[in-house]
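Listed below are the residues making up each chain.
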Amino acid sequence: SFQPTHPLALAPVTSPPHSVDGFVREFLRELNTDSGVTLSRSTVNDQYLSLARAVRHYLSARWLENTRKVRETKAKMVGYLSAEFLLGRQLGNALLATDLEEIAEKALAECGIDIATLRAQEVEPGLGNGGLGRLAACFIDSLATMGVPCIGYGIRYEYGIFRQTFVDGRQVEQPDTWLTLGSPWEFPHPEHAVQVDFGGHTETYVDTDGVERTRWVPGWNVLGMPFNYMVPGYQNGQVNTLRLWSAQATNAFDLPTFNSGDYAEAVRAQTFAENITKVLYPEDSTPQGKELRLQQQYFFVACSIRDFIDRFILDGDVTTLPERVIFQLNDTHPVIAVPELMRVLVDIEKLEWDAAWEITKKCFAYTCHTLLPEALEVWPTELLGRLLPRHLEIIYRINDEFLAEVRAAFPDDEMRARRMSIIAEYPERAVRMAYLATVAGAKVNGVAELHSQLLRDKVLHDFSEYWPEKFTNVTNGVTPRRFMRLANPGLSQLITETLGTGWLTDLERLAELEPYAEDAEFRAAFVRIKEANKTRLYRLLRARDQVALPDDHLLDVMVKRLHEYKRQSLKLLHIVSSYEQIISGKVDPSQVTPRTFVFGAKAAPGYRIAKETIHLINSVAAVINADPLVKDVLKVVFPANYNVTLAETLIPAADLSEQISLAGKEASGTGNMKFALNGALTIGTDDGANVEIRQLVGDEHFFLFGLTEPEVAEVQTAGYRSHEYYEGDPQLKATLDLIASGHFSGGDRTVFEPLVSNLLYDDRFMALADFRSYVEAQARVDAYYADQDAWARSAVLNVARSGFFSSDRSMREYIARIWHTQPLR
Ligand code: Z16
């Protein structure tokens, strides 16, 4: 331990001066000392990296102080376990959190640099697929802003979500090389590396205390290297930590081979270990059950649990864990943490099984994010037992004891016990991770009212009967710092001018805007901001995608992962139908409300129908955009590689938000909230959080259409035949026939045949059943948009009534009903 004597070494860490001069000094010091270049010789990338590190200096003191306080006060922490954190760019958020936006801009201007150029240089960390990963990022932002101690634990993928490109309208994936130009936001800590074991077998032995115990004799291991990221609260001096793990080979791994002289083989072994965190699996809601994915999952939770105990339970008394941490399981991905904690407590800490189980049950809570059966992970026992033999034994014992309880509570109901078993027997023996999480978790929550209700009634019905008090709902939210203040500075300024400050951390205050919906001057200011946001978007799309867009159209946006249940195909049917009615002479173009349709969507690389849908969108766009007949009224654009950064420019520009999933399939949605908060009106089904958005903004300000969830269930039971809708609706028939005719594929009828057949003869997500209702709702949109004043009033009311959807509110609910943690004093 240290014996410092210098007064500076004894004083607390300080922040640099909050001034232009102070900032210039930090920036130049970074540039000269760390990047090792002079200002005059520096590249944009040198400047960006130095700027990022300079901003970091303003967070370090508070970060170190926060970490110390948590340790000292033994405050209970949230351990947010998530395989994905879709952070988006860091620079803007860090400047906002530290209130350095103006200072940094001036400081750089005085160095002859336009800060916008440096902002554009940042490659966003795309360490997530979509909603679930972005939600995790919003949650840790809110916790830091509320001063609640939290440590996010996840994976530092070397390659995040793939970069999407289009070749002849088809999706082609490129690796996301986000680390190559440097990663100024992370702090590697090789000294805190953790060993993670895999494989091998288990054996019993008699311990020194005479007790027979089990031990795991692993077959191989890797090292987990932590990389820390600051998670700054909004202008409150709080900085939490996100700790992402990277896999590295251990010496034990390659030495024997190396010594035997096979150098190439030793290096191969190293590559094998480091594969674990090489790449993010690009499946949103449809996991493929790959062995490497289970390795990723176990790798990061084993590192995280070990890390938490080592760094926060300083006296080594693991029985105090439930007072120190609640691990939130973000979907089933981290659920292997449950048997891992049991293994640590029983095999390593040598607690009795029952005592360990009591602790474990208090340390976990589980959030389910889906209703799709194919998204609920199950791991074959063959695979799990081979990779983690001790964990499989522990799961069996948890299940045996749980089923004994169930049988005691429901004698003579063996079917129930079988239904509730953590182990599925068919089609192969496998561990149902959602059931394991439900059995172990102190609480189980869904992510919107409807979703939580369906979880209780359907997916986890037996469990909710058995433990009604375990189940709860926490409707998702989004951070207003990123999705209002950073993404929409114009609107944020108008709100601040109108309400004063404070609303950004107390979003229900948006309700105070309500009277201004009737204020013509306010509405005019609002409309000017929307127009400016459109101009900003179109400037970006011109530079980024070489497309020119008219600025007087209704801007209709559908951005989200490409998935059949989200029904991009239904959006396409509406577009093609509008087009067909014009080219067939049924509708005069002068009668059409001019619209620009924007899509943004990545498809999982192995998801055939999704990729064909992308191809069709691009083909429809090419034909419509080139047709002089519809030139002034229809435009379709599909900028490649939709990500958080593009969302930040797209969402504030939108007039209409498309939230058109089949009722009962979208757990929540969070894009829907971002659009409403930025003053877009929603056209949507009664699904996920759309239900709550509509209830809050009011039916007159929301375009509802489609079957409800109970109706969907009814139609399904009666037997759904999509073909009948095609036969029964001439407009739908003409639309599908136009696609089938080869009109969008240069006359080739085979190209989109699989898509058309899928809609006509399968249509799992009932696009055809909802078509009529959807086009009617779109007609209502057109009619309403004709009254620009009414539209603006509704848009303002959408903002005023959406304060509920702040992730700060979500966090308050988790804290009150699930975590029971306190803000740091
Ligand atoms: C995901 O992004 C979601 C669910 C899931 O099982 C897996 C992934 Cl990667 C999404 C839901 O589809 C969406 O409705 C929800 O808003 C989001 O998670 C956050 O809860």
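Residues numbered from 1 in each chain as written. Predicted model: local features only at pLDDT ≥ 70, side-chain atom pairs only at ≥ 80, totals over all residues.

Chemist: Give a detailed account of the overall build of the protein, specifying residues and quantitative values.
Modeler: Within the protein, the secondary structure is distributed over 34 helices and 25 strands. Radius of gyration (C-alpha) of the protein: 28 Å, near the 28 Å computed for a compact globule of 825 residues. Projecting the C-alpha coordinates of the protein onto the three principal axes gives extents of approximately 90 × 75 × 60 Å. For the protein, long-range pairs separated by at least 24 residues make up 75% of all intrachain contacts whose partners lie at least 6 apart in sequence. (Helix = DSSP H or I, 4+ residues; strand = E, 2+ residues; numbered from the N terminus. Rg over C-alpha atoms; globule rule 2.2 N^0.38 Å. Contact = placed C-beta atoms within 7 Å.)

Chemist: A description of the packing of helix 10 (residues 291-312) against helix 12 (residues 337-348) should follow, citing residues and the corresponding values.
Modeler: Where helix 10 contacts helix 12, the two axes come as close as 10 Å, and the packing angle between them is 40 degrees. Of the possible angle classes, the one that applies to helix 10 and helix 12 is oblique. Here helix 10 and helix 12 pass one another in a crossing that is right-handed. Together, Val301, Ala302 and Ile305 of helix 10 and Ala337, Glu340, Leu341 and Val344 of helix 12 make up the contact between the two elements. (Axes fitted to C-alpha atoms, helices over the stretch in contact; angles between N-to-C directions. Parallel < 35°, antiparallel > 145°, perpendicular 65-115°, else oblique. Left-handed = near helix turned anticlockwise from the far one by under 90°.)

Chemist: A description of the site of the ligand should follow, citing residues and the corresponding values.
Modeler: In the vicinity of the ligand, 19 residues are found, and the nearest of them are Gly131, Leu132, His369, Thr370 and Ser668. A class-by-class count of the residues in the shell around the ligand yields 5 nonpolar, 11 polar and 3 charged. Domain assignment of the residues forming the shell around the ligand places at least three in each of domain 2 (78-89 + 126-195 + 223-377 + 435-475 + 813-819) and domain 3 (553-787). (Near = placed C-beta within 6 Å. Nonpolar A, V, L, I, M, F, W, Y, C, P; charged D, E, K, R; others polar. Domains from an automatic or database assignment.)

Chemist: Lay out the domain arrangement of the protein in plain terms, naming residues and giving numbers.
Modeler: Each assigned domain of the protein is listed with its residue range as follows: domain 1 (1-73 + 97-123), domain 2 (78-89 + 126-195 + 223-377 + 435-475 + 813-819) and domain 3 (553-787). Averaged C-alpha coordinates put domain 1 and domain 3 at centres separated by 46 Å.

Chemist: Let's hear about the nonpolar core: which residues, and what values?
Modeler: Among the nonpolar cores identified, the biggest contains 237 residues, and Ile140, Phe299, Ala337, Leu436 and Val620 are the most heavily contacted of them. For this core, the element with the most residues is helix 10, which contributes 11 residues. Those residues in contact with Ile140, other than ones at most four positions away along the chain, are Tyr80, Cys150, Gly152, Val231, Asn240 and Leu242. (Core = buried A, V, L, I, M, F, W, Y, C linked by C-beta atoms within 7 Å. Buried ≥ 20, exposed ≤ 12 C-beta atoms within 10 Å, placed from the backbone.)

Chemist: Explain the environment of Leu242 to me, and be specific about the residues and the numbers.
Modeler: Mapped onto the elements, Leu242 comes out in strand 12 (residues 239-249). Overall, Leu242 belongs to the buried group, with 26 C-beta atoms counted inside 10 Å. In sequence terms Leu242 and Phe85 are 157 residues apart; their C-alpha atoms lie 9.3 Å from each other. Sequence-distant contacts of Leu242, defined by excluding residues within four places in its chain, comprise Phe85, Ile140, Gly152, Tyr229 and Val231.

Chemist: Can you lay out the packing of helix 23 (residues 568-583) against helix 32 (residues 767-786) for me, pointing to particular residues and giving the numbers?
Modeler: For the pair helix 23 and helix 32, interaxial distance at closest approach is 10 Å and the crossing angle is 55 degrees. On the basis of their axis angle, the class for helix 23 and helix 32 is oblique. As helix 23 runs across helix 32, the sense of the crossing is right-handed. Seen from helix 23, the contacting residues are Ser569, Leu570, Leu573, His574 and Ser577; seen from helix 32, they are Ala767, Asp770, Phe771, Tyr774, Val775 and Gln778. Split by residue class, the contact of helix 23 with helix 32 holds 6 nonpolar, 4 polar and 1 charged.

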